[in-house]
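# Summary of the model geometry
Here is what each chain is made of, one letter per residue.
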Amino acid sequence: MLKINGLSHEFVIGKRGHKQHVPVLKDINFTVNKGEIISIVGRSGSGKSTLLNLISGYIKPTAGSIMIKDIDVTSFNEGKWADFRLENLGFIFQSFQLIPSMTAYENIELPLVMKGIDEKDRKRKTNEMITKVGLEQFAHHYPSELSGGQQQRVSIARALVLNPPIILADEPTGSLDNETEEELLQFINKLNKDLGITFVMITHDEKVAATADRVIKIENGELKEGKKVS
C-alpha cells in the first residue's frame, strides 16, 4: 500500500550566499501493507511530522521515492497531488481542522462537494458517515458546540466519506482526555477491522503506539526500528 525507499529531506534556511542546509530525514526505508495500522513515533523534532508531510505530498523530498498503491507519486505536481489526495488519502489532525462556520454535517459533506458528487449522493453518503460515527443528534451543531471527542469523530467521518484506502493521522488523540482517547482508539481499530482501511499514525503517545500492528521509530531523522506489536 505504501513503500518508502531511500527517503531524505533537508530544509534550506537563510538568504542567498548564506544558505544553510539542515537535514531532517536521512535514508528512510519502510513498507506499509494493506490493512495495517502503523504508528510512527519519535520525540518532537525527530522528523516524524516531516515524514507525514512528504507522504501526503505537501513537501517534496530531497532524495528517495514514495510509492502509494504501486504508483510513484514522488514527482507529482500540486495539481496531480490534489487529485490523488482526494481519491486515496484521508486526514485526521490533532486540532481537528474543522471549519467553524460549518455544521458537523457540512464539514463531513465538504470533500464530496469538492469532488463534484451530486446532491442526492452527497446526502446519502454524509448521513451514512454521521451514523457510522454516532453523531446523528449532533449533525447540525457547529464545532464550538461539540466536545473534543465529538469534533474528532466529525474529523474522522470527513476523512472516511470518500472511502479512501489510507488514512494519515497526525497526533489524532493529542487534544483529548484519557477516556475520550481510549474511545477513539477503539473506534479507529473497529474501522480498520470492519473496512480494511490502512492507518498511518504519527504519535508520541505510547498508548496510541501500542494499539498499532507495528511501530516505526524515528530518532534524529533516522529510522531506528520497526517492530511488531505483540
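No experiment lies behind these values; they were computed from the predicted model shown.

### Concerning the overall build of the protein chain
When its secondary structure is counted, the protein chain shows seven helices and ten strands. Here the C-alpha radius of gyration of the protein chain, 18 Å, is about what a compact globule of 230 residues would show, namely 17 Å. Viewed in the frame of its principal axes, the protein chain has a C-alpha envelope of about 55 × 40 × 35 Å. Classification of the 230 residues of the protein chain by burial places 47% in the buried group. Across the protein chain, the fraction of contacts at a sequence separation of at least 24, relative to all contacts at a separation of at least 6, is 68%. Element-wise, carbon and sulfur atoms account for 48% of the exposed surface of the protein chain, whose accessible area totals about 11,900 Å². In the protein chain, 29 positive and 30 negative side-chain charges are present, and the distance between their average locations comes to 5 Å.

### A short note on the sheet that holds strand S5 (residues 71-72)
Judged by pairing direction, the sheet is antiparallel, and its four strands sit side by side in the order S2-S1-S4-S5 without closing on themselves. Every other strand in the sheet has two partners, leaving strand S2 (20-32) and S5 as the edge strands with one partner each. Across two bridges, the pairing between strand S4 (residues 63-68) and S5 is antiparallel. When the sheet's bridge partners are listed, Met-67 is paired in S5 with Asp-72. Seen against the sheet, helix H1 (residues 48-55) touches strand S1 (2-13), S2 and S4 and runs at an angle of roughly 115° to S1.

### A look at the side chain of Gln-150
The topology assignment puts Gln-150 in helix H5 (residues 148-160). At a separation of 2.9 Å, a polar atom in the side chain of Gln-150 contacts the main-chain amide nitrogen of Ser-147.

### A short note on helix H2 (residues 78-88)
Every buried residue belonging to H2 is among Trp-81, Phe-84, Arg-85 and Asn-88, and all of these are buried. Seen from one end, H2 has its buried residues packed into an arc of 100°, which puts them on one side. On its buried side, H2 packs onto H1, S4, S5, strand S6 (89-93) and strand S7 (166-170).

### Quick word on the pattern of salt bridges
Overall, the coordinates contain ten salt bridges when judged by the stated rule. As a salt-bridge pair, Glu-128 and Arg-124 come within 3.3 Å of each other at their nearest N and O atoms. In this pair, Glu-128 and Arg-124 are both assigned in helix H4 (residues 119-132), four residues apart and thus about one turn of the helix distant. Assessed through its relative accessible area of 40%, Arg-124 is described here as partly exposed. Close ionic contact of Lys-224 with Glu-222 constitutes a salt bridge, the shortest N to O distance being 3.5 Å. Overall, the relative accessible area of 44% leaves Lys-224 in the partly exposed class. Overall, the relative accessible area of 33% leaves Glu-222 in the partly exposed class.

### Digging into the side chain of Ser-56
Inspection of the secondary structure assignment puts Ser-56 in the loop between H1 and S4. A polar contact is formed between the side chain of Ser-56 and the backbone oxygen of Leu-52, at a distance of 2.8 Å. Not counting residues within four places of it along the chain, the set of residues in contact with Ser-56 comprises Trp-81, Arg-85, Leu-89, Phe-91 and Leu-168.

### Digging into the environment of Thr-103
Inspection of the secondary structure puts Thr-103 in the loop between S6 and helix H3 (104-115). Contacts of Thr-103, omitting those with residues within four sequence positions, involve Ala-139, His-140, His-141 and Tyr-142.

### Thoughts on the environment of Leu-223
For Leu-223, the location among the structural elements is in strand S10 (residues 222-228). In the structure, Leu-223 is positioned 181 residues away from Gly-42 in sequence and 9.8 Å away in space, judged by C-alpha atoms. If we ignore the near neighbours within four places in the chain, the residues touching Leu-223 are Ile-28, Asn-29, Phe-30, Ile-216, Lys-217 and Ile-218.

### Here we look at unusual backbone geometry
Non-glycine residue Gln-97 carries a positive phi angle of around 60°. Within the secondary structure, Gln-97 is located in the loop between S6 and H3. Positive phi values are uncommon outside glycine, yet Asn-163 reaches one of about 55°. Within the secondary structure, Asn-163 sits in the loop between H5 and S7. The exposure class assigned to Asn-163 is exposed, which follows from its relative accessible area of 58%.

Thresholds, definitions, all that
- Residues numbered from 1 in each chain as written.
- Predicted model: local features only at pLDDT ≥ 70, side-chain atom pairs only at ≥ 80, totals over all residues.
- Heavy atoms only, no water.
- Helix = DSSP H or I, 4+ residues; strand = E, 2+ residues; numbered from the N terminus.
- Rg over C-alpha atoms; globule rule 2.2 N^0.38 Å.
- Buried < 20%, exposed > 50% of the residue type's maximum accessible area, 1.4 Å probe, protein only.
- Contact = heavy atoms within 4.5 Å.
- Areas by Shrake-Rupley, 256 points an atom, 1.4 Å probe, with all protein chains shown as cover.
- Lys, Arg positive; Asp, Glu negative; His and termini not counted.
- Charge placed at Lys NZ, Arg CZ, Asp CG, Glu CD.
- Pairing = 2+ DSSP bridges.
- Axes fitted to C-alpha atoms, helices over the stretch in contact; angles between N-to-C directions.
- Polar contact = N/O pair within 3.5 Å; in protein donor to acceptor, adjacent residues only side chain to side chain.
- Arc of directions from axis to C-beta.
- Salt bridge = Lys/Arg side-chain N within 4 Å of Asp/Glu carboxyl O.

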